[in-house]
Amino acid sequence: MMKEQLEGIVKKSINLDLIDFNELIQFMLKNIGNPDGYLRDNLIYRGFCELILNEQFTEEQLVLILKTCSDDEHLYLNITQSNPSDDVFTRSFSALVITLILGIDREKRSLPEELVVEAIHRSIHYLFLEKDYRGFDNTKGWAHAVAHGSDLLTEAIRHPLMKDSKLLCSALQSLKSCLHTEYALIDEEEERMLPVIDALLDKGLTDEQLVTWLKELHSMQIEDWHKKYRYEWNVKKFEATLLKHLLKSTKCTKTADWIIFGNPTFV
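Before going into details, it helps to say that this report is about the structure given with it. Being a predicted model, the structure only gives us computed values, none of them experimental.

A few words on the nonpolar core. Leu24, Phe48, Phe57, Ile65, Ile197, Trp213 and Phe238 are the most contacted members of the largest nonpolar core, which totals 88 residues. With 10 residues, the top contributor of residues to this core is helix 5 (residues 87-108).

Pasting the structure below:
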């Protein structure tokens, strides 16, 4: 029954007055990381998009969803485990739902500030902790934690309650941790990182600070040649994407010049 309701919501073919949203929310939160890609991605996430963006939930319901998605059983579910598992789907899709709510609250400012600040803090640290970098799974669909986490990081930085300059530095370190991995990022994760940089620039990150951070990306002390090769691949791919973006926007000319003329070498 719940799947049929979600299909109706996504297709805009159901009378929303006939739906018990409290019951539906419980089902959606319970299955937010379901390994079934159709249920997780096409129905539950898209259902959240449809209902949150069109303001169908009450403030109380949004508080429940934000609290739940931000907790240790969702955004941080078994995040310290080193072996890849299906838990990444729960973490990654919880990140997307938090992104939706923070985006709405950035405009409306209707949710309790203490709750929003806590969600922002946990959102900024999420990517630093996440170590499952898989993009698309041929059997279970998108995990894409780096991309989803970057979306979340962007919205957390953009929120007016994000005022802690130390957290802005943490955001850069989170991106660095994703790039400094022996897992080759091949599903356009670097494109999803660009809005993070833009959000940081809007919050006061300077051209000089961005250059300094890029130089740090190139500084690696790694003996394993293949691991180092993968780190370099990720950094170079991100840097090329960033350069194209900066040249289009005429932002950060010092950073663009350093990428073009600095001839960085990996050490």
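Looking now at the environment of Lys12. Relative to the helices and strands, Lys12 is located in the loop between helix 1 (2-10) and helix 2 (21-30). Along the backbone, Lys12 and Glu50 are 38 residues apart, and their C-alpha atoms lie at a distance of 8.9 Å.

Here we take up a nonpolar patch on the surface. A grouping of Leu247, Ile260 and Phe261 is seen on the molecular surface, where their side chains present a nonpolar patch of about 320 Å² in accessible area. For Leu247, the location among the structural elements is in helix 11 (residues 225-249).

Bringing the environment of His218 into the picture now. Along the chain, His218 turns up in the loop between helix 10 (207-217) and helix 11. For His218, a relative accessible area of 4% gives the class buried. Along the chain, His218 and Ser150 lie 68 residues apart, while their C-alpha atoms are 21 Å from each other.

Volume-wise, the largest pocket comes out at about 230 Å³. Along its surface, the largest pocket is lined by Ser165, Leu168, Cys169, Leu172, Gln173, Leu200, Gly204, Leu205, Gln209, Thr212, Trp213 and Glu216. Mapped onto the lining of the largest pocket, the elements with two or more residues apiece are helix 8 (165-179) and helix 10. Taken together, the residues of the lining of the largest pocket break down into six nonpolar, five polar and one charged.

Take unusual backbone geometry next. Phi at His144 is positive, roughly 50°, even though this residue is not glycine. Tracing the backbone through its elements, the reader meets His144 in the loop between strand 2 (141-142) and helix 7 (145-158). The residue Cys252 is not glycine, and still its phi comes out positive at about 50°. With respect to the helices, strands and loops of the structure, Cys252 is situated in the loop between helix 11 and helix 12 (253-261). By relative accessible area, which is 12% here, Cys252 ends up buried.

Looking now at the pattern of salt bridges. Evaluation of the coordinates by the stated rule reveals 14 salt bridges. Across the pair Glu155 and Arg106 runs a salt bridge whose closest N-O atoms are separated by 2.6 Å. Of this pair, Glu155 sits in helix 7 while Arg106 sits in helix 5, and the two are 49 residues apart along the sequence. Salt-bridge contacts for Glu113 lead to Arg109; the nearest nitrogen and oxygen are separated by 3.3 Å. Taking the relative accessible area as the measure of exposure, Arg109 reaches 36% and is therefore partly exposed. Residues joined in a network through salt bridges with shared partners are Arg106, Glu107 and Glu155.

Here is what the cut-offs are and how they apply
- Residues numbered from 1 in each chain as written.
- Predicted model: local features only at pLDDT ≥ 70, side-chain atom pairs only at ≥ 80, totals over all residues.
- Heavy atoms only, no water.
- Core = buried A, V, L, I, M, F, W, Y, C linked by side-chain atoms within 4.5 Å.
- Buried < 20%, exposed > 50% of the residue type's maximum accessible area, 1.4 Å probe, protein only.
- Helix = DSSP H or I, 4+ residues; strand = E, 2+ residues; numbered from the N terminus.
- Patch = residues over 30% accessible without salt bridge, like charges linked within 9 Å, V, L, I, M, F, W, Y side chains within 5 Å.
- Areas by Shrake-Rupley, 256 points an atom, 1.4 Å probe, with all protein chains shown as cover.
- Salt bridge = Lys/Arg side-chain N within 4 Å of Asp/Glu carboxyl O.
- 1 Å grid on protein atoms, 1.4 Å probe; cavity = no way out; pocket = protein on both sides within 12 Å on 5 of 7 lines; lining within 4 Å.
- Points joined across faces, edges and corners; volume = space filled by probe spheres on them.
- Nonpolar A, V, L, I, M, F, W, Y, C, P; charged D, E, K, R; others polar.

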